[in-house]
Amino acid sequence: MDLEKWQNLSYLFWAYVTVWAFLAGYLVIMTRRMARLRREIDLLRQEHKPGAAD
Amino acid sequence: MKSLHAYILLGVISIMMVGVLAAVFGDTLIFGFSPYVPTESSMGIVQRIFYFHVPAAITAFLAFFVAFVASIGYLATRRLSWDNVARSSVEIGVMLCTIVIITGPLWARPIWGTWWPWDPRLTTTLILWLLYISYLLLRTYSEDRSQQARFCAVLGIVAFLDVPIVYFSVKWWRGIHPIVFGSGGGGIAPRMNDAFLAALFTFFLLYALLLMLRTRLANMEDEVEELRAELTDGAPH
């Protein structure tokens, strides 16, 4: 194996980590926010129903 | 809940497609160590940052272009659905631009010997990132939804003017950032080009998925605000 070619592998590693961390993190945050909003919408709709307590 | 399941399914399909593409073209996005794609002779293994640094930059430009079109759409029609597309696209574009700004210095350090050389391409990209960060911050300064959308639509159009400046900066001002594609570009080996196109396609696919999810989220936020307003007014439909 040509060792010179494998130099600076740590930079490549951290670049990969950055990409995957950002993408995964963004997706997780978004799906959590979506689940929270869905619960809130359901709750608000229930309050809207005729006969629901004030 | 059905639509959420559909999005999750779409996400799984997208990830599977990434896997298939990676298997065919050389694990570009996953490992970057495939024998299919040759290692660049002078820079070595670190050059493989190219396969996600450049596609992330191109996809960020696409995201800002979509925001630019949606901003014009909002100003022309005053429909909030256009604003939701614009703000969603800007948010994804900022995320991708952040990836570009972080991976660039990680590539520059071993090759140029410095993290950040204030080259024209790097400087204009940083300005672009700051412009869109201010776009996201502007949203928090106004309570009035239509005023917020109007101000941001104007900024979304003005900020996009920096995108061609970023693109042409390497030609207008002499810097050290390399030109790979287009006139005066060095070009890349055919196998490297295959890996690059696979990575670019994957980023476009991810962008489409994220834009769908984020726009849906923005529409839900509006729905919550409408329901709250109706409850406060005491006028349920």
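## What about the overall build of chain A?
Okay, so step 1: Looking only at helices and strands, one finds 1 helix and 0 strands in chain A.
Okay, so step 2: Within chain A, the fraction of its 54 residues that count as buried is 9%.

## Focus on the interface of chain A and chain B
Okay, so step 1: Between chain A and chain B, the residue contacts involve 26 residues of the former and 31 residues of the latter.
Okay, so step 2: Taken together, the residues that form the side of chain A that touches chain B break down as 16 nonpolar, 4 polar and 6 charged.

## Brief notes about the confidence of the model for chain B
Interpretation of this model should avoid reading the predicted coordinates in detail wherever pLDDT is low.
Residues and elements named next belong to chain B.
Okay, so step 1: Per-residue confidence for chain B gives a mean pLDDT of 83; residues scoring 70 or more make up 81%.
Okay, so step 2: Note that residues 23-29 has pLDDT below 50 and, in this model, 23 contacts with residues that lie over four places away or in other chains.
Okay, so step 3: On the interface metric, ipTM, the complex scores 0.83, and its pTM is 0.84.

## Observations concerning the nonpolar core
Okay, so step 1: Counting residues in hydrophobic clusters, the biggest one holds 59 residues, and the most contacted among them are Ala60(B), Ala63(B), Phe64(B), Ala86(B) and Tyr132(B).
Okay, so step 2: For this core, the elements supplying multiple residues, two or more each, are helix H1 (9-48) of chain A together with helix H2 (50-77), helix H3 (80-112), helix H4 (120-138), helix H5 (145-160), helix H6 (162-172) and helix H7 (190-233) of chain B.
Okay, so step 3: Here this core takes 15 residues from H2(B), the largest share from any one element.
Okay, so step 4: Apart from residues no more than four positions distant in its own chain, Ala60(B) is found in contact with Gly93(B), Leu96(B), Cys97(B) and Val100(B).

## Points about the packing of H4(B) against H5(B)
Each packed pair of helices is defined by two parameters, the angle between the axes and the distance between the axes.
Residue and element names in this part refer to chain B.
Okay, so step 1: Closest axis-to-axis distance for the H4/H5 pair is 10 Å, and the angle between their directions is 175°. When the axes of H4 and H5 are compared, the pair comes out roughly antiparallel. Listed contacts from H5 to Leu-131, Tyr-132, Tyr-135 and Leu-138 of H4 are Phe-151, Cys-152, Leu-155, Gly-156 and Ala-159.
Okay, so step 2: The residue makeup of the contact of H4 with H5, split by class, is 8 nonpolar, 1 polar and no charged.

## Notes on unusual backbone geometry
Residues and elements named next belong to chain B.
Okay, so step 1: Of note in this structure, Arg-78 is not a glycine but carries a positive phi near 60°.
Okay, so step 2: Examined against the element boundaries, Arg-78 turns out to sit in the loop between H2 and H3.
Okay, so step 3: Residue class for Arg-78 comes out partly exposed when judged on the 13 C-beta atoms lying within 10 Å of it.
Okay, so step 4: Of note, Trp-118 is a non-glycine position whose phi angle comes to about 55°, a positive value.
Okay, so step 5: Looking at the secondary structure, you find Trp-118 in the loop between H3 and H4.
Okay, so step 6: Assessed through the 9 C-beta atoms surrounding it within 10 Å, Trp-118 is described here as exposed.

## As for H2(B)
Okay, so step 1: Here H2(B) spans 40 Å end to end across 28 residues, near enough to the 40 Å set by a 1.5 Å rise per residue.
Okay, so step 2: Phi turns positive one or two residues past the end of H2(B), at Arg78(B), with a value near 60°.

About the cut-offs
Residues numbered from 1 in each chain as written. Chains lettered and ligands numbered in written order. Predicted model: local features only at pLDDT ≥ 70, side-chain atom pairs only at ≥ 80, totals over all residues. Helix = DSSP H or I, 4+ residues; strand = E, 2+ residues; numbered from the N terminus. Buried ≥ 20, exposed ≤ 12 C-beta atoms within 10 Å, placed from the backbone. Contact = placed C-beta atoms within 7 Å. Nonpolar A, V, L, I, M, F, W, Y, C, P; charged D, E, K, R; others polar. pLDDT = per-residue confidence, 0-100. Core = buried A, V, L, I, M, F, W, Y, C linked by C-beta atoms within 7 Å. Axes fitted to C-alpha atoms, helices over the stretch in contact; angles between N-to-C directions. Parallel < 35°, antiparallel > 145°, perpendicular 65-115°, else oblique. Expected span 1.5 Å × (residues − 1).

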